[in-house]
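What follows is each chain in one-letter form.
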Amino acid sequence: MAASDRVVLGPLVGSIDQGTSSTRFLVFNAKTAELLSHHQVEIKQKFPKEGWVEQDPKEILQSVYECVEKTCEKLNQLSIDITNIKAVGVSNQRETTVVWDKTTGEPLYNAIVWLDLRTQPTVERLLKIIPGQNKSFFKTKTGLPLSTYFSAVKLRWLLDNVEEIKQAVRDGRAMFGTIDSWLIWSLTGGKNGGVHCTDVTNASRTMLFNIHSLKWDSELCHFFDVPMEILPKVRSSSEIYGLMKSGALTGVPISGCLGDQSAALVGQMCFKDGQAKNTYGTGCFLLCNTGQKPVLSEHGLLTTVAYKLGRDKPVCYALEGSVAIAGAVVRWLRDNLGIVKSSSEVEKLAAEVGTSYGCYFVPAFSGLYAPYWEPSARGIICGLTQFTNKNHIAFAALEAVCFQTREILDAMNKDCGIPLSELQVDGGMTNNKILMQLQADILCIQ
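For every chain, the first residue of its written sequence is number 1, and the numbers climb from 1 along that sequence. Only residues with pLDDT of at least 70 get local features here, since the model is predicted, and only at 80 or more are side-chain atom pairs given and counted; chain-wide, interface and lining totals rely on the full set of residues. Hydrogens and water molecules were not included; the side-chain quantities draw on all heavy atoms of the structure.

S.K.: Could you give an account of the layout of surface pockets, with specific residues and numbers?
M.R.: Only protein atoms enter the 1 Å grid used here. Points where a 1.4 Å probe fits but cannot escape make up a cavity, open sets with protein on both sides within 12 Å along at least five of seven lines make up a pocket, and a residue lines them when an atom lies within 4 Å of a point. Grid points are joined across faces, edges and corners, and a volume is the space filled by probe spheres set on the points. Here the second largest pocket is characterised by a volume of approximately 360 Å³. Around the second largest pocket sit 20 residues that line it, and Asp273, Gly274, Gln275, Cys288 and Leu420 are the ones nearest its centre. By the criteria applied, helices consist of DSSP H or I runs no shorter than four residues and strands consist of E runs no shorter than two, each listed in order from the N terminus. No other element matches the three residues that strand β16 (residues 284-291) contributes to the lining of the second largest pocket. Considering only residue class, the lining of the second largest pocket consists of ten nonpolar, seven polar and three charged. Here the term charged refers only to Asp, Glu, Lys and Arg, the term nonpolar to Ala, Val, Leu, Ile, Met, Phe, Trp, Tyr, Cys and Pro, and the term polar to all other amino acids, Gly among them.

S.K.: I'd like a description of the pattern of salt bridges, backed by residues and values.
M.R.: A pair can form between side chains of opposite charge whenever their charged atoms are brought close. One side-chain nitrogen of Lys or Arg within 4 Å of one carboxyl oxygen of Asp or Glu is enough to make a salt bridge. All chains considered together, the criterion is met by 26 salt bridges. We note a salt bridge from Arg205 to Glu95, for which the minimum N-O separation is 2.7 Å. Of this pair, Arg205 sits in the loop between α7 (200-203) and β10 (209-210) while Glu95 sits in the loop between β5 (85-92) and β6 (97-101), and the two are 110 residues apart along the sequence.

S.K.: Which residues make up the nonpolar core, and what are the values?
M.R.: Residues belong to one nonpolar core when they are buried, are Ala, Val, Leu, Ile, Met, Phe, Trp, Tyr or Cys, and are joined through side-chain atoms within 4.5 Å. Here the term buried applies to any residue with accessible area under 20% of the maximum for its type, exposed to any over 50%, and partly exposed to those in between, with areas from a 1.4 Å probe on protein chains only. Leu146, Leu208 and Phe224 are the most contacted members of the largest nonpolar core, which has 105 residues in total. It is helix α12 (residues 390-416) that contributes the most residues to this core, 13 residues altogether. Whether two residues are in contact is decided by their heavy atoms: any pair within 4.5 Å suffices. Filtering out sequence-adjacent residues up to four positions away, Leu208 remains in contact with Ala152, Leu155, Lys215, Trp216, Asp217, Leu220, Cys221, Phe224, Val226 and Leu231. By size, the runner-up hydrophobic cluster in this structure holds 36 residues, among which are Trp100, Leu183, Met244 and Cys257.

S.K.: Pulling in residues and values, what's your account of unusual backbone geometry?
M.R.: Residue Pro371 is bonded to the preceding Ala370 through a cis peptide linkage, with omega at -5 degrees. Its location among the elements puts Pro371 in the loop between β19 (360-362) and β20 (380-382). At Tyr357, a residue that is not glycine, the phi angle is positive and equals roughly 45 degrees. Looking at where Tyr357 falls in the secondary structure, it is placed in the loop between α11 (345-353) and β19.

S.K.: An account of the packing of α11 against α12 is needed here, citing residue identities and associated values.
M.R.: Pairs of packed helices are described in terms of their axes, by the angle between the two and the distance that separates them. A fitted line through C-alpha atoms represents every axis, and for helices the fit uses only the stretch in contact; the resulting angles, taken between N-to-C directions, go from 0 to 180 degrees. Between α11 and α12, the least distance of the axes is 8 Å, while the angle of their chain directions is 110 degrees. When the axis of α11 is compared with that of α12, the two are roughly perpendicular. Contact residues: α11 offers Val346, Leu349, Ala350, Glu352 and Val353, while α12 offers Lys390, Asn391, His392, Ala394, Phe395 and Leu398. The residue makeup of the contact of α11 with α12, split by class, is seven nonpolar, two polar and two charged. Here roughly perpendicular refers to angles of 65 to 115 degrees, roughly parallel to angles under 35, roughly antiparallel to angles over 145, and oblique to all remaining angles.

Quick look at the structure:
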């Protein structure tokens, strides 16, 4: 095609969205925010033992390359010039932990996913050496309770249990990172000069990061016995980290990085104190912007870094309510029970009955997160009668997501003192109209 036939749109921006269930690459018009094209690939989750959840870091990286290439092909078919893509940003599933060899570029173990529960014995062992066995002991520094959820205990497990990682640390070959670090390092050259960094939002989910000083904390690293030299450099959420080194976008700067829930808060334009959003993805995450002041929760919520939009810009914080299982319950109905063939069928099943007829579903597959932080909890379906069928279970599964969100919202209203009057929503499950109506009814807000 002749260059003159190409559509001229001005600058474009690309977004890598690497989630727990899938990877997407999207390209937007930088001036109008119009979505021009995208491509999405589902990611496999591995469950090698009860409570274990892993992913292959190489599959994750390959899915990013595939999404970028396929999206660029689609843009070419639309006669849109991909040389107008001026910057790429990264948004990622948080806490998921990768350790790799900087000399070979190879992961030294599968990524341990944020949902994984194998570290419960590690958490219990660490609790014994904390004064009063107080799981909130580090909350003033990190905003987080000691839990299987965060990266530090996953990294501790890897350092204790994987011989290749122990040896790589001794040899000075090991690098640790959350998914953003693994992707940015790989995309900017990998073993040939890749940039080993993370942003403040992802660092704030590790339990090794002081959310006030915005630095790795030597006392926390000492407590978890993590060598600081394997940690990535912490940067702001908006600056040029490095250039793409291969594929259709070679030479394009990677210039933004946010953990997925912070990215959703920014994407929903929740820049003022008190503005909130809820994302219905694999899990469910309600974040409320608290401005430049970190608010410590009295009701089981997390204090997290919301964003820092530039090296010299102020940091903003959020209160977060985290629910482990939301969209994952639909995937479970599909893959484990086999009562639906696709996720969209759940809405159809629920619509046919319009009620759960007293059937209740608590999908505590990975324990209960906020506001309980009870890792030993397990899922339950109750209120079953001979009348109950798969439609009622589907409806109860959707209700479960809404009830969990209600608990988070109640906790947030207590912490903030001012009840939220509206809530922005996003994530794959928001396409489900029944879920959204149920949620509005149960929350009594818009």
